[in-house]
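Observations on the three-dimensional arrangement
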Amino acid sequence: MTRLTGSALRVTVFIGENDTWHHKPLYSEIVHRAHAAGLAGASVFRGIEGFGASSLIHTSRLLSMSEDLPVAIVVVDTEERVRAFLPQLDELVDEGLVILDDCEVIRYVGRTDEPGKTVTKGKKSL
């Protein structure tokens, strides 16, 4: 069971929805690498409007020509684990913004069906 409470570090990565890494979405590659690195969790949020260094506004409004909406990937874990993961972000993110924030985790516990047992996804064997 994963438990994380107390002081932590949050990394937020802002990229474009159409950014890719080896022909697959960059946000997906970041999430999969965070998972492989054993980080506590990662979430991807799609923005409805925004702009970055290019100063070009991207929006989801119907009459807009832009479809490259902003995406934010948020990961929270201990400072040690997040900082160990930063070189991978350095490799992956050519254009974008990566920010770090100190935060406090009140409660993070893996989901369970029964006390003391972590839920596994997929079919359960009999």
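Right above here is the structure, for reference.
So, here's what we can say about the structure. What you see is a predicted model, and the numbers here were worked out from it, not measured in a lab.

On to the sheet that holds strand S1 (residues 6-16). Read from one edge to the other, the open sheet built from four strands follows the order S4-S7-S1-S8, with strand pairing classed as antiparallel. Strand pairing shows two members of the sheet lacking a second neighbour, strand S4 (42-46) and strand S8 (97-105), which therefore form its edges. Within this sheet the neighbouring strands show an average axis-to-axis angle of 20 degrees, counted without direction. Sheet analysis places S4 next to strand S7 (residues 70-77), joined by five bridges and oriented antiparallel. Note on S7: the bridge partner recorded for valine 44 is isoleucine 73. The strands touched by helix H2 (residues 79-92) within the sheet are S1, S7 and S8, with S1 carrying the most contacts at an inclination of about 20 degrees.

On to unusual backbone geometry. Unlike most non-glycine residues, histidine 22 shows phi in positive territory, near 50 degrees. Summarising the element assignment, histidine 22 is placed in the loop between strand S2 (20-21) and strand S3 (24-25). Owing to a relative accessible area of 63%, histidine 22 belongs among the exposed residues under this scheme. Its identity as a non-glycine residue notwithstanding, histidine 23 has a phi of 70 degrees, on the positive side. Secondary-structure assignment places histidine 23 in the loop between S2 and S3.

A separate point is the nonpolar core. One finds Val13, Ile15, Ile30 and Ile73 to be the most contacted residues of the largest nonpolar core, which totals 17 residues. At the level of secondary structure, the elements contributing two or more residues to this core comprise S1, helix H1 (26-36), S7 and H2. Not counting the four nearest positions on each side in its chain, isoleucine 30 is found in contact with Val13, Ile73, Phe85, Leu89, Leu92 and Val93.

The next thing to look at is the pairing of S1. Bridge analysis of S1 against S8 gives nine bridges, and the strand direction is antiparallel. If you follow threonine 12 over to S8, its bridge partner there is isoleucine 99. Bridge analysis of S1 against S7 gives eight bridges, and the strand direction is antiparallel. From the neighbouring strand, glycine 16 faces S7, where its bridge partner is proline 70.

Let us now look at H1. Residues of H1 that are buried: Leu26, Ser28, Glu29, Ile30, Arg33 and Ala34. Taken together, the buried residues of H1 touch S1, S2, S3, S4, S7 and H2.

Okay, the pattern of salt bridges next. Under the counting rule described, the total for this entry stands at seven salt bridges. Two residues, lysine 24 and glutamate 29, come together in a salt bridge whose shortest N-O distance is 3.3 Å. Two residues, arginine 81 and aspartate 77, come together in a salt bridge whose shortest N-O distance is 3.8 Å. Salt bridges sharing common partners tie together Lys24, Glu29, Arg33 and Glu91.

Turning to H2, a few remarks are in order. Taking 1.5 Å of rise per residue, the 14 residues of H2 would be expected to cover 20 Å, and the 20 Å separating its terminal C-alpha atoms lies within 8% of that figure. Along H2, the largest kink reaches about 30 degrees and is centred on leucine 86; proline proline 87 follows within four residues of it. On its buried face, H2 sits against S1, S2, H1, S7 and S8.

Calculation notes
- Residues numbered from 1 in each chain as written.
- Predicted model: local features only at pLDDT ≥ 70, side-chain atom pairs only at ≥ 80, totals over all residues.
- Heavy atoms only, no water.
- Pairing = 2+ DSSP bridges.
- Helix = DSSP H or I, 4+ residues; strand = E, 2+ residues; numbered from the N terminus.
- Axes fitted to C-alpha atoms, helices over the stretch in contact; angles between N-to-C directions.
- Contact = heavy atoms within 4.5 Å.
- Buried < 20%, exposed > 50% of the residue type's maximum accessible area, 1.4 Å probe, protein only.
- Core = buried A, V, L, I, M, F, W, Y, C linked by side-chain atoms within 4.5 Å.
- Salt bridge = Lys/Arg side-chain N within 4 Å of Asp/Glu carboxyl O.
- Expected span 1.5 Å × (residues − 1).
- Bend = angle between axes of the 7 residues up to and from the residue.

This is a description of form; function is not addressed.
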